[in-house]
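Spelled out, the chains give:
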Amino acid sequence: MPNLKANDVEAASRQVDRLFESQLETLKALVRIPGIAWDAFDASNLEASAAAVADLFETTGLFESVEILRAEKPGSEAFGAPAVVAHRPARNGAPQVLLYAHHDVQPPGDASLWNSTPFEPVLVADPIFGDRMFGRGAADDKAGIIAHHTALLSVREILGKDFDLGITLFVEGEEEAGSPSFRNFLEKYQLRLEADVIVVADSSNFSTTIPAITTTLRGLVSQVFEIRTLDHALHSGMYGGVVPDAMLAMVRLLATLHDEVGHVAISGLHQGHASELPYTEAELRADSGLLPNTELIGTGSILDRIWARPSLTIIGIDTPSVAVSSNTMQPVVRAKVSMRIAPGQDPESALEALRAHLETNTPFGAQISFGEIEMGSPFEAETDQWAHALMSKALSHAYAADSVDIGIGGSIPFIADLKEVFAGAQILVTGVEDPDSRAHSPNESVHLPTLKAAMTAETLFLLGANARAQG
Ligand SMILES: [Zn+2]
């Protein structure tokens, strides 16, 4: 096994066992701070949560510096949310490892859908499937912060404070708000954040028993567009049957975006392959809540379809609502389509393919015009480097089950930013979540055995990385 000693495994689990109960109290204290980076929420909570995180890592005594930093939002004088950056430099040829998490959380949403109070953490015992802690941020991503913290405390107990491994802790405060100042932050503090390996603790495992590294993410391209057929609205009785209205043109156009079986029908989009993991149609049906007679769309492996191929959703149409509808032919209709693009495709070329398809397939010679766009790059990790091998080993030991590489059908744009700014770094996207963590939803929770295993795995990873020093 790469740089992982048998007695490390035993030492790591012993330390995590010893720390676990008190670390759950630390996690609870973080969950009680409702730091939400959206304008509608009290920003002072983000200051409080950044301060609490800085304090936690300051008291480890492992860092030369622990700072609360911020960067300007693009095109604005305003600053983004406070991030915590702690740094100790590597020595003797040991690698520099950056540990990423975020301290902001999603808004709680509809409180009536929660079985508990969102910002008052509750432990619920489950002797069969494993205990959970419920609360907003208990999993996403305060559990990530606690996993990093626990791993560092364990490493300190095992090696003492004087070890060679360089560690940079980076806990940002606006991930759930789309990380508006993140790119500027990376560029502003690039020297301080430079690392050989970046461990992102903000994703999920394959299940509560199978650990995973997330090695691919789909990208995102969305486009708003308008279809016009008339210069003003018409009485449908006077002109219907001769004059095409904008809605007819729009629905015909939208219908060309998928073929008969439901594949995205835009030519030029990249199609990839996911790792071969067991995921049945029955599991998909249970996870998604698909109604019994509704059929799946597309063909081939389900995970290929979710993780490695493009998909397209019509996410909005602006037209009179049924309540105010009259017998009128609409001159203009606006729609927004959102595509998930496969790892390996750049968003610019996908946008170009989408626009070309829309232009060529607009019926009746109607006019089409394009509005706002959003673009996020997909992500594909390199899986043939030492850090991936070491993390796979560490996870497999900690969970006592082989770690797998998974994809995520969604997009985490900040990971593409990390990869662009730190092109030489190996990026490991790991997580403390499981498929039932319900991040962003009511009744978010962290599965405690998974959290504990994540702490042990990260401890093992850091021990193994430290052993790469030449000194
Ligand atoms: Zn998150």
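**Re the coordination of the zinc ion**
Only His102 (NE2), Asp140 (OD), Asp202 (OD) and Asp202 (OD) from the protein coordinate the zinc ion, and they sit 1.9 to 2.7 Å from it. Around the zinc ion, the four donor atoms sit at angles spanning 53 to 146°, and that spread fits a shape best called irregular. Spacing between the donor residues of the zinc ion along the chain follows H-x37-D-x61-D. Note that His102 is positioned in strand S3 (residues 96–102) and Asp202 in strand S7 (residues 197–204), a separation of 100 residues in sequence. With respect to burial, His102 and Asp202 carry one shared label: buried.

**Some words on the pairing of strand S2 (residues 83–88)**
Here S2 lies mainly inside the structure; six of its six residues are buried. The pairing of strand S1 (residues 65–69) with S2 spans five bridges and is classified as antiparallel. The residue of S2 that forms the bridge with Ser65 is His87. The sheet contact formed by S2 and strand S6 (residues 166–172) spans five bridges and is antiparallel. Opposite Ala86, over in S6, you have Leu169 as the bridge partner.

**Here's the deal with the pattern of salt bridges**
Pairing between side chains of opposite charge can happen when the charged atoms of each approach one another. Considering all chains together, one arrives at 22 salt bridges under this definition. One salt bridge connects Arg91 with Asp164, and the closest N-O pair in it is separated by 3.1 Å. Of this pair, Arg91 sits in the loop between S2 and S3 while Asp164 sits in the loop between helix H3 (142–159) and S6, and the two are 73 residues apart along the sequence. For Arg91, a relative accessible area of 34% puts it in the partly exposed group. For Asp318, the salt bridge goes to Arg334, with nearest N and O atoms at 2.8 Å. You can see Asp318 sitting in strand S11 (residues 311–318) and its partner Arg334 sitting in strand S13 (residues 332–341), a full 16 residues away along the chain.

**Brief notes about the packing of aromatic side chains**
Taken as a whole and assessed by the stated rule, the structure comprises nine aromatic pairs. Here Phe57 and Phe63 contribute two aromatic rings whose centre-to-centre distance is 6.5 Å and whose plane-to-plane angle is 65°, an arrangement assigned as edge-to-face. Among the residues examined, Phe57 registers a relative accessible area of 0% and is labelled buried. The exposure class of Phe63 is buried, given its relative accessible area of 13%.

**Focus: the packing of H3 against helix H13 (residues 448–466)**
Across the interface, H3 lies against H13 with an axial gap of 8 Å and an inter-helix angle of 50°. Taken together, H3 and H13 sit at an angle that is classed as oblique. Of the two possible hands of crossing, H3 and H13 adopt the one that is right-handed. Here Ala143, Ile146, Ala147, His148, Thr150, Ala151, Leu152, Ser154, Val155, Ile158 and Leu159 of H3 come into contact with H13, specifically with Leu451, Met455, Glu458, Thr459, Leu462, Leu463 and Asn466.

**Some details on the environment of Val122**
Inspection of the secondary structure assignment puts Val122 in strand S4 (residues 122–124). A C-alpha to C-alpha distance of 15 Å links Val122 and Pro108, two positions 14 residues apart in sequence. In this view, Val122 contacts Ser116, Arg132, Met133 and Phe134; residues no more than four positions away in its chain are not counted.

**Digging into the nonpolar core**
In terms of nonpolar packing, the biggest core is built from 60 residues, with Phe63, Val97, Val446, Leu451, Phe461 and Leu462 touching the most fellow members. Non-local contacts of Val97, meaning those with residues more than four positions away in its chain, are made with Leu165, Gly166, Ile167, Thr168, Ala195, Val197, Val199, Phe461, Leu462 and Ala465. Core analysis: the second largest hydrophobic core is formed by 27 residues, Val85, Leu217, Val421 and Ile427 among them.

**Things to note about the packing of helix H1 (residues 6–31) against H3**
Two quantities define a packed helix pair, namely the angle between the axes and the distance from one axis to the other. Look at H1 against H3: their axes get within 9 Å of each other, and the N-to-C directions meet at 140°. With respect to their mutual orientation, H1 and H3 come out oblique. The interaxial crossing formed by H1 with H3 has right-handed handedness. Contacts between H1 and H3 pair Ala11, Ala12, Gln15, Val16, Arg18, Leu19, Gln23, Thr26, Leu27, Leu30 and Val31 from the former with Lys142, Ala143, Ile145, Ile146, His149, Thr150, Leu153, Ser154, Glu157 and Ile158 from the latter. Residue classes in the contact of H1 with H3 are distributed as 12 nonpolar, six polar and three charged.

**Notes on the domain arrangement of the chain**
Domain annotation for the chain reports domain 1 (6–217 + 378–466) and domain 2 (219–272 + 309–376). For domain 1 and domain 2, the distance between their C-alpha centres works out to 39 Å. Counting residues at the interface gives eight residues for domain 1, matched by 10 residues for domain 2. When the area that domain 1 buries against domain 2 is broken down by residue, the three leading residues are Pro378, Glu380 and Ser411, summing to 69%. Counting across the interface, domain 1 meets domain 2 through zero salt bridges. Taken together, the connections running from domain 1 to domain 2 amount to one residue pair in polar contact (both at pLDDT 80 or more). Those elements that place two or more of their residues in the side of domain 1 that touches domain 2 are strand S8 (212–217) and strand S15 (379–380). Grouping the constituent residues of the side of domain 1 that touches domain 2 by class yields three nonpolar, four polar and one charged.

Rules of the game
Residues numbered from 1 in each chain as written. Predicted model: local features only at pLDDT ≥ 70, side-chain atom pairs only at ≥ 80, totals over all residues. Heavy atoms only, no water. Donors = N, O, S within 2.8 Å, 3.2 Å for Na, K, Ca; no water. Tetrahedral: all angles 85-135°; square planar, octahedral: opposite > 155°, others 65-115°. Helix = DSSP H or I, 4+ residues; strand = E, 2+ residues; numbered from the N terminus. Buried < 20%, exposed > 50% of the residue type's maximum accessible area, 1.4 Å probe, protein only. Pairing = 2+ DSSP bridges. Salt bridge = Lys/Arg side-chain N within 4 Å of Asp/Glu carboxyl O. Phe/Tyr/Trp six-rings, centres within 6.5 Å; stacked < 30°, edge-to-face > 60°. Axes fitted to C-alpha atoms, helices over the stretch in contact; angles between N-to-C directions. Parallel < 35°, antiparallel > 145°, perpendicular 65-115°, else oblique. Left-handed = near helix turned anticlockwise from the far one by under 90°. Contact = heavy atoms within 4.5 Å. Core = buried A, V, L, I, M, F, W, Y, C linked by side-chain atoms within 4.5 Å. Nonpolar A, V, L, I, M, F, W, Y, C, P; charged D, E, K, R; others polar. Domains from an automatic or database assignment. Buried area = accessible area lost by both parts, 1.4 Å probe. Polar contact = N/O pair within 3.5 Å; in protein donor to acceptor, adjacent residues only side chain to side chain.

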